[in-house]
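# Architecture and fold: a report
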Amino acid sequence: MTARRWQLAHGRHLDLGSKAVVVGILNVTPDSFSDGGLFDGPEAALVQACRMIGEGARIIDVGGESTRPGAAVISAGEEQARVLPVIEALARAGDVLISIDTYRADTARLAVAAGAHIVNDVWGLQREPDIARVASETGAGLIIMHTGRDREKLPDVIADQFAFLKTSLEIARRNGIADDHIVLDPGFGFAKETAEENLDLMARFSELHALGFPLMAGTSRKRFIGTVTGRDAADRAAGTAATSVILRLKGAHLFRVHDVAINVDALAVADAMLALETAASER
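These numbers were taken from a predicted model, which means no experiment stands behind them.

Glancing now at the overall build of the protein chain. Summing up its helical and strand segments, the protein chain has nine helices and ten strands in all. Against the compact-globule benchmark of 19 Å for 283 residues, the protein chain has a radius of gyration of 17 Å, which places it among compact chains. On the principal axes, the C-alpha backbone points of the protein chain span a range of 50 × 40 × 40 Å. Sorting the 283 residues of the protein chain into buried and exposed places 54% on the buried side.

Structure below.
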């Protein structure tokens, strides 16, 4: 797998390629679909973040507004009141990389000022385009996610990825964001309504490499895994780890998960196999 250097805010970077990178999900919300209310105070959030770091997470992704279907929209002020104390505490606690999960430009700017290195936008820069300017001005790493919400999708799952993400990349480039700051996320579960659509996206994941950017996979505890396994959201760790391995073998670089330890172990096995295959091909 080709090595890439991902440039981040505050003079940091992350080398992607030879080892999978696990991103720990930290929802400081009362209503997220599988962990709402568990970590919605700074102390509980910091304990959970430290646990995930200890299990091998390289990045902690902090979100203050639930993105589950039908979730209540909150104000920017409420979102910021939830996430900024947690980001400040994480920045003081050590050198872990911090991501802010937001589509709001003001929240992104304040989060990077508080210590975040990465902006993770689930609307792919297309809900608040000013967030691209924030990413450019702060030098933040940027995760651009595909979504099918609030628009008509193309019938082919990969064609829709290319159409949406090319628009997002045009916004990024108009705002002066260099390619080495960008990671793409195909947005499993975001208006991919059926298990079949998500499985098709997973089966064809390798086609996304034609876009030319590192890729993040966010399948953790998603409904399609429950459809396949029959498990409730809190019991989908093993199913998530299976998707992580499949997607690693198809070239994903980063994995955004709730259950860090099981995914770190599963991905270590996938990485060992990829390393062996690479060595054999070079002989």
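Let's pick the thread back up.
For the rest of this paragraph, the subject is helix α5 (residues 157–174). For α5, built from 18 residues, the straight-helix expectation of 26 Å at 1.5 Å per residue is met to within 8% by its first-to-last C-alpha distance of 26 Å. Among the residues of α5, V157, I158, D160, Q161, F162, F164, L165, S168, L169, I171 and A172 are the ones counted as buried. At its buried positions, α5 is contacted by α4 (130–138), β7 (141–145), β8 (182–185) and α6 (195–203). Among the residues of α5, the N-terminal cap falls to D156, whose side-chain oxygen and the backbone nitrogen of I158 are separated by 3.1 Å. The first or second residue beyond α5 is G176, which carries a positive phi of 80°.

This brings us to the nonpolar core. With 63 residues, the main nonpolar core has L26, I60, V62, I87, I144 and L184 as its most contacted residues. Discounting chain neighbours no more than four positions away, the residues touching I87 are V62, I98, I100, A111, A114, G115 and A116. In terms of nonpolar packing, the next biggest core, distinct from the first, is built from 13 residues, W6, L16, I118 and L254 among them.

Let us now look at the sheet that holds β7. Strand order in the open sheet formed by eight strands is β8-β7-β6-β5-β4-β3-β10-β9, with parallel pairing between adjacent strands. The open sheet has two edge strands, β8 and β9 (216–217), and neither has a second partner. One ladder, built from two bridges, connects β9 with strand β10 (residues 254–257); its direction is parallel. From the neighbouring strand, M216 faces β10, where its bridge partner is L254. Packing of α5 onto the sheet brings it into contact with β7 and β8, and relative to β7 it is tilted by some 150°.

Rules used in this analysis
Residues numbered from 1 in each chain as written. Predicted model: local features only at pLDDT ≥ 70, side-chain atom pairs only at ≥ 80, totals over all residues. Heavy atoms only, no water. Helix = DSSP H or I, 4+ residues; strand = E, 2+ residues; numbered from the N terminus. Rg over C-alpha atoms; globule rule 2.2 N^0.38 Å. Buried < 20%, exposed > 50% of the residue type's maximum accessible area, 1.4 Å probe, protein only. Expected span 1.5 Å × (residues − 1). Contact = heavy atoms within 4.5 Å. Polar contact = N/O pair within 3.5 Å; in protein donor to acceptor, adjacent residues only side chain to side chain. Core = buried A, V, L, I, M, F, W, Y, C linked by side-chain atoms within 4.5 Å. Pairing = 2+ DSSP bridges. Axes fitted to C-alpha atoms, helices over the stretch in contact; angles between N-to-C directions.

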